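A look at the structure
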Amino acid sequence: MSSCPIAAVSCAQSRKPIVNIKSSNTVWHHATVTRSRREQLNGHKGVVVWFTGLSGSGKSTLAHAVEERLYQSGCRTFVLDGDNVRHGLCADLGFSDEARTENIRRVGEAAKLFVEAGTVVLTAFISPFQNDRERVRALLAADDFIEIYCHCSLEMCEQRDVKGLYKRARAGEISHFTGISSPYEAPTAPDLKVNTDSLSLNDSVELILNLLRERSVIAAA
Ligand SMILES: Nc1ncnc2c1ncn2[C@@H]1O[C@H](COP(=O)(O)OS(=O)(=O)O)[C@@H](OP(=O)(O)O)[C@H]1O
Ligand SMILES: Nc1ncnc2c1ncn2[C@@H]1O[C@H](COP(=O)(O)OP(=O)(O)O)[C@@H](O)[C@H]1O
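Residues numbered from 1 in each chain as written. Chains lettered and ligands numbered in written order. Predicted model: local features only at pLDDT ≥ 70, side-chain atom pairs only at ≥ 80, totals over all residues. Heavy atoms only, no water.

**Re the sheet that holds strand β2 (residues 77-81)**
Reading across the sheet, the five strands line up as β2-β3-β1-β4-β5 and stay open at both edges, with parallel pairing between neighbours. Each having just a single partner strand, β2 and β5 (192-195) make up the two edges of the open sheet. In this sheet, adjacent strand axes meet at a mean angle of 20° when their direction is disregarded. Here strand β1 (residues 47-52) runs beside strand β4 (residues 145-151); their pairing, made up of five bridges, is parallel. (Pairing = 2+ DSSP bridges. Helix = DSSP H or I, 4+ residues; strand = E, 2+ residues; numbered from the N terminus. Axes fitted to C-alpha atoms, helices over the stretch in contact; angles between N-to-C directions.)

**A word on unusual backbone geometry**
Phi is positive for Asp161, which is not a glycine, with a value near 30°. The topology assignment puts Asp161 in the loop between α7 (154-160) and α8 (165-170). Exposure remark for Asp161: the relative accessible area of 17% places this residue in the buried category. Here Ser216, not a glycine, exhibits a phi torsion of approximately 60°, which is positive. (Buried < 20%, exposed > 50% of the residue type's maximum accessible area, 1.4 Å probe, protein only.)

**Quick look at the environment of Gly118**
Here Gly118 lies in the loop between α5 (97-116) and β3 (120-124). Separated by 79 residues in the primary sequence, Gly118 and Glu39 place their C-alpha atoms 5.0 Å from one another. Aside from chain neighbours lying at most four places away, what touches Gly118 is Glu39, Asn42, His44, Lys45 and Gly46. (Contact = heavy atoms within 4.5 Å.)

**A look at the site of ligand 1**
Close contacts around ligand 1 come from 21 residues, with Ser55, Arg86, Arg100, Asn103 and Ser127 the closest. Measuring from an oxygen atom of ligand 1, one finds a backbone N or O atom of Ile126 at 2.9 Å. Measuring from an oxygen atom of ligand 1, one finds a backbone N or O atom of Ser127 at 2.8 Å. In the complex, the protein chains occlude 93% of the 630 Å² of accessible area that ligand 1 would expose alone. (Near = heavy atom within 4 Å. Polar contact = N/O pair within 3.5 Å; in protein donor to acceptor, adjacent residues only side chain to side chain. Areas by Shrake-Rupley, 256 points an atom, 1.4 Å probe, with all protein chains shown as cover.)

**Focus: the UniProt feature "active site" (unreviewed entry) in the protein**
The sites that carry the UniProt feature "active site" (unreviewed entry) are, in the present numbering, Ser127. Looking at the element boundaries, Ser127 is found in the loop between β3 and α6 (130-139). Contacts of Ser127, omitting those with residues within four sequence positions, involve Trp50, Phe51, Thr52, Ile104, Arg133 and Tyr184. Among the polar contacts listed, one links the side chain of Ser127 to the side chain of Thr52, at a separation of 3.3 Å. (UniProt positions renumbered as here; feature names shortened; annotations may be inferred.)

**Describing α5**
For an α-helix the count is 3.6 residues per turn, leaving residues at separations of three or four pointing the same way. If you check α5, its first and last C-alpha atoms are 29 Å apart, about what 20 residues at 1.5 Å a residue would give, namely 28 Å. Two residues or fewer after α5 comes Gly118, characterised by a positive phi angle close to 80°. (Expected span 1.5 Å × (residues − 1).)

**So, the packing of aromatic side chains**
Going through the model one piece at a time under the given rule, you end up with five aromatic pairs. A centroid spacing of 6.1 Å and a plane angle of 25° characterise the contact between Trp50 and Phe125, whose relative ring orientation is stacked. You can see Trp50 sitting in strand β1 and its partner Phe125 sitting in the loop between β3 and α6, a full 75 residues away along the chain. Given a relative accessible area of 0%, Trp50 falls into the buried group. With a centroid separation of 5.0 Å and an interplanar angle of 75°, the aromatic rings of Tyr166 and Phe177 are classed as edge-to-face. Note that Tyr166 is positioned in helix α8 and Phe177 in the loop between α8 and β5, a separation of 11 residues in sequence. Accessibility expressed as a relative area gives 9% for Phe177, which makes it buried. One cation-aromatic arrangement involves Arg86 over Phe95; the distance from NZ or CZ to the ring centre is 3.8 Å. (Phe/Tyr/Trp six-rings, centres within 6.5 Å; stacked < 30°, edge-to-face > 60°. Lys NZ or Arg CZ within 6 Å of the ring centre and 35° of its normal.)

**Let's talk about the layout of surface pockets**
The volume enclosed by the second largest pocket comes to roughly 860 Å³. In terms of lining residues, the second largest pocket is bounded by 42 residues, among which Ser55, Lys59, Asp83, Ile126 and Lys163 are the most central. Breaking the lining of the second largest pocket down by element, the ones donating at least two residues are α3 (59-72), α4 (82-85), α5, α7, α8 and α9 (201-214). Here the element with the most residues in the lining of the second largest pocket is α3; it accounts for four residues. (1 Å grid on protein atoms, 1.4 Å probe; cavity = no way out; pocket = protein on both sides within 12 Å on 5 of 7 lines; lining within 4 Å. Points joined across faces, edges and corners; volume = space filled by probe spheres on them.)

Given below as structure tokens:
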């Protein structure tokens, strides 16, 4: 279960938050409808399933395919997707290292709210920096964050070029493009590594669902 929110705030303060907490005269209001009551109602626990990988590595495809399966089995789910979130919550952010760090910080906080709501939230962000991903993990209880590394070679991602962005990045039309002119730090100890350049979509989905069963997020098949 989630830790005391006040403890989470002081923990964030000790880790030097990227955005200073400016609203100092605020007091946490405790809900009577708690996370555990919501989870009881939903029949499953809340969790973050965090997909990371290069553009075109399969994050969105997998997040939505896994969501579909979870939805069909009666789970409360939501996908937070990089492209979509950048149309609203993070519309003010570009692709510098600092902007990506702030993007992931905001998404981590949003994902934490979904977990409090007892939801299985699936996030599809490149999230290229190990520190940023670790900071999100640290926001949550140990069981509440599952990191899935969508592993796919740059060559294959470029070959797929789902949105034509690699071609434009190679032509110099897009700067700071991950894998070309901006770094990607691969996870050193992900909860699961899915090789999307060799596995089928179905097999990849099954791997992830098996992990969710193992972690008791969903009932055994
Ligand atoms: N410069 C640059 N580098 C990488 N990606 C770019 C860039 N410009 C636009 N895009 C599009 O934005 C999507 C990535 O956004 P994210 O929020 O996931 O990025 S990050 O986590 O903050 O690094 C990414 O989506 P995916 O292809 O689904 O990963 C791209 O469609
Ligand atoms: N095992 C797999 N898992 C996910 N996507 C796959 C897999 N095999 C092939 N693909 C294809 O790779 C592409 C991944 O694109 P997308 O999901 O948009 O990536 P990302 O969200 O990481 O940018 C899609 O065209 C998808 O059909």
